[in-house]
Structures are given as structure tokens and as C-alpha cells.
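Examining the three-dimensional arrangement
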Amino acid sequence: MEETTTPEVVTTEVVDVASTAPTVKPSTGNKTKGVCDIVFLIDATGSMQPAIDDLKRNIKMFFNQLAKGDDNGNAIVKDWRARVIGYRDVCVDDEWYIDNPFVRDPKEIERQLDAIDADGGGDEPESLLDALYKVAKFGSTPKMAQEEDPTMWRYRSDAARIVIVFTDASFHATTSLSEAPNLDWTEIANLVMQEKLRLSIYAPQMECYDNLSQIDKCEYMPIEFDPEVKNDAVYKLRDFTADTTNFQKTLEQLAKTVSASAVAETL
């Protein structure tokens, strides 16, 4: 395998498209620094198994880095929850959406990743927009709630909301859900921004992701591939995650970005 280098992260700022915390404190109504809810939104179609396995092997580094903060020891995440959501193709797969609750233990995240059986999907594209709709529609734990709901986001001023996408394929131009049919990327982008979600996308360098990366504060790491070579996007993502040194550096940087967001979004 050829030596790979970490792709350049593309960060956009503007679009106008019309270790674990041992205790849980109830919301006081005041904004809290360094708190976040994280969703790993993973393409769970057949070609993704190697990348999912690589993510599982390296996920501890990501959570360890959250506790360290940035290079100056700032922007430390004091309290995080995370969950793994898998998606396939709603048009061809009976089980196209794989749900899990928010947890605070890295080992539980490993177990959620391990439980994903990469299968189905048929030919691309896949149903990322449908999955983003469902993630945006988790709902929120009410302000001043005494208990958290592991199926919902925390109240938006109590925790930053981070969605991390890993995929090797394009996505359908519109949604196909019965509750939200025919929404295009601009409508999903508006919903994402309305719900204060911050996206980090690891995906092939395709126009559909160039569009989606216009969401405010979205970070997009395009994986370069040769469109003339069959399945090259699949192989390039596999090379990217299989290169342990570069992938660990990528996850470290991702954790620093999440840490900064957790402070900025909850100031």
C-alpha cells in the first residue's frame, strides 16, 4: 500500500441556504463550558467494514484527546456523551437505520461500533440526508430537566452538538422518508443549522459533499480518488483509515476541533 498523507481539512464558515464524566449534574440554566454530545454517523453498507473496524481500534485515542483539550491545554471537554448511528439505503434496505443511545464510556462506543454489521446498500448513492434528518430530529431534553434522556440531545445551551460522518459513497439528492419526503441538501442544511449541529465529514471528494460542506462551521476532509477507477473511493477510504499513524493524527485533530466547539458553543 502506498504511503498516505492526511488530506487537507476544508472548513467553511458561512452558508445561507433558506476520559468519561463520572457524574451527571442537572441543568442549572447557566451555560456550561466544555460539554458536548457527539454522534458518529457511519455509513454501514457492505464496503465500510474495514473502515468501521479501524475506527473502533483507534477510538480510545479520540476520547483521550478530548480530556487533553488543544495544544495549550485549553478547551478541555469536561463532560461528553456519544453514540454511534449507522445508515444504509432507505430505498433498498429493510434495516437502513441503526440506532444506539448516548453513553459516556469509550468501551460502550467500541461495542456500538462492533455491533454494526456492514451490509446492504446496493449500488450507491446512500441515504445520508435521511439519516441527518433523523439525527436532527432526536429532540432535546427540556431545559432544567433533572434527568437526561439517552435518546435525545441535551438542551442546546447545555451541550454542543457534534455529528461526525464517515462514508465512502455519495448520497441521494433528496430524502425518501415518509415523514420527510423529497427534502434536498439545502433543506437538510437549514434543519442542521436550526438544531445547532456541527458537522465533521470524512467522505470522497464529490460535488454532493462540496455542497453539504457549505453548512455553517462544517468541516470536510475530502478523500481524493480516481472516478475513472471502479470502487476507487472505497479503496482510498480504506487506505486512509488503515494508515494507523495518519488516522490517529486525524482523530487527535478531530478531538481538538470537538473540544474547541464544546467550549465555543456553550459559552
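Each remark here, short or long, concerns the structure printed above.
The rules we used
Residues numbered from 1 in each chain as written. Predicted model: local features only at pLDDT ≥ 70, side-chain atom pairs only at ≥ 80, totals over all residues. Heavy atoms only, no water. Axes fitted to C-alpha atoms, helices over the stretch in contact; angles between N-to-C directions. Helix = DSSP H or I, 4+ residues; strand = E, 2+ residues; numbered from the N terminus. Parallel < 35°, antiparallel > 145°, perpendicular 65-115°, else oblique. Left-handed = near helix turned anticlockwise from the far one by under 90°. Contact = heavy atoms within 4.5 Å. Buried < 20%, exposed > 50% of the residue type's maximum accessible area, 1.4 Å probe, protein only. Arc of directions from axis to C-beta. Phe/Tyr/Trp six-rings, centres within 6.5 Å; stacked < 30°, edge-to-face > 60°. Lys NZ or Arg CZ within 6 Å of the ring centre and 35° of its normal. Pairing = 2+ DSSP bridges. Right-handed = clockwise from strand over helix to strand, strands pointing away. Salt bridge = Lys/Arg side-chain N within 4 Å of Asp/Glu carboxyl O.

Focus on the packing of helix α3 (residues 128–136) against helix α4 (residues 185–194)
It is the contact of α3 with α4, at a shortest axis distance of 10 Å, that shows an interaxial angle of 25°. Classified by the angle their axes make, α3 and α4 are roughly parallel. Every pair of crossing elements has a handedness; the one defined by α3 and α4 is left-handed. Between α3, through Leu129, Leu132, Tyr133 and Ala136, and α4, the contact on the second element is made entirely by Trp185, Ile188 and Leu191.

Structural notes on α4
Within the span of α4, buried status applies to Trp185, Ile188, Ala189, Leu191 and Val192. All buried residues of α4 lie within an arc of 165° about the axis, which places them on one face of the element. Here the buried face of α4 lies against α3, β6 (174–177), β7 (180–184), β8 (197–204) and α5 (207–212). Once α4 finishes, lysine 196 follows within two positions and takes phi at roughly 60°, a positive value.

Some details on the packing of aromatic side chains
One pass over the full model with this rule turns up 13 aromatic pairs. With centroids separated by 5.5 Å and ring planes inclined at 75°, the aromatic side chains of phenylalanine 40 and phenylalanine 62 adopt a geometry described as edge-to-face. Of this pair, phenylalanine 40 sits in strand β2 (residues 35–43) while phenylalanine 62 sits in helix α1 (residues 49–68), and the two are 22 residues apart along the sequence. Across the pair, phenylalanine 62 and phenylalanine 40 agree in class, each one buried. Ring geometry for phenylalanine 62 against phenylalanine 63: centres 5.1 Å apart, planes inclined by 80°, an arrangement best described as edge-to-face. Over the ring of phenylalanine 138 we find arginine 83, and its NZ or CZ is 4.0 Å from the ring centre.

Observations regarding the environment of alanine 75
Position of alanine 75 among the secondary structure elements: in the loop between α1 and β3 (79–87). Residue alanine 75 is classed as buried on the basis of its relative accessible area of 17%. Each C-alpha atom, one on alanine 75 and one on lysine 256, is 7.9 Å from the other, the two residues being 181 residues apart in sequence. What alanine 75 contacts, discounting residues up to four positions off in sequence, is Gly69, Asp70, Ser259, Ala260 and Val263.

Focus: the pairing of β2
Most of β2 is tucked away, with nine of its nine residues classed as buried. By the alternation rule, side chains of β2 split into Val35, Asp37, Val39, Leu41 and Asp43 and Cys36, Ile38, Phe40 and Ile42, which are all buried. Bridge analysis of β2 against β3 gives nine bridges, and the strand direction is parallel. Looking at the pairing, isoleucine 38 lines up with alanine 82 of β3. Following the chain from β2 across α1 to the adjacent parallel β3, one finds a crossover that is right-handed. Here β2 runs beside strand β5 (residues 160–166); their pairing, made up of seven bridges, is parallel. Bridging across to β5, isoleucine 42 finds its partner in phenylalanine 166.

Describing the environment of alanine 173
Mapped onto the fold, alanine 173 is located in the loop between β5 and β6. In this view, alanine 173 contacts Leu129, Leu183, Asp184 and Trp185; residues no more than four positions away in its chain are not counted.

Concerning the pattern of salt bridges
If you walk through the whole model with that rule in mind, you get 15 salt bridges. A salt bridge links aspartate 216 to lysine 217, with the shortest nitrogen-to-oxygen separation between them at 3.2 Å. Linked by salt bridges that have partners in common, Asp37, Asp79, Arg81, Arg104, Glu148 and Arg154 make up one network.

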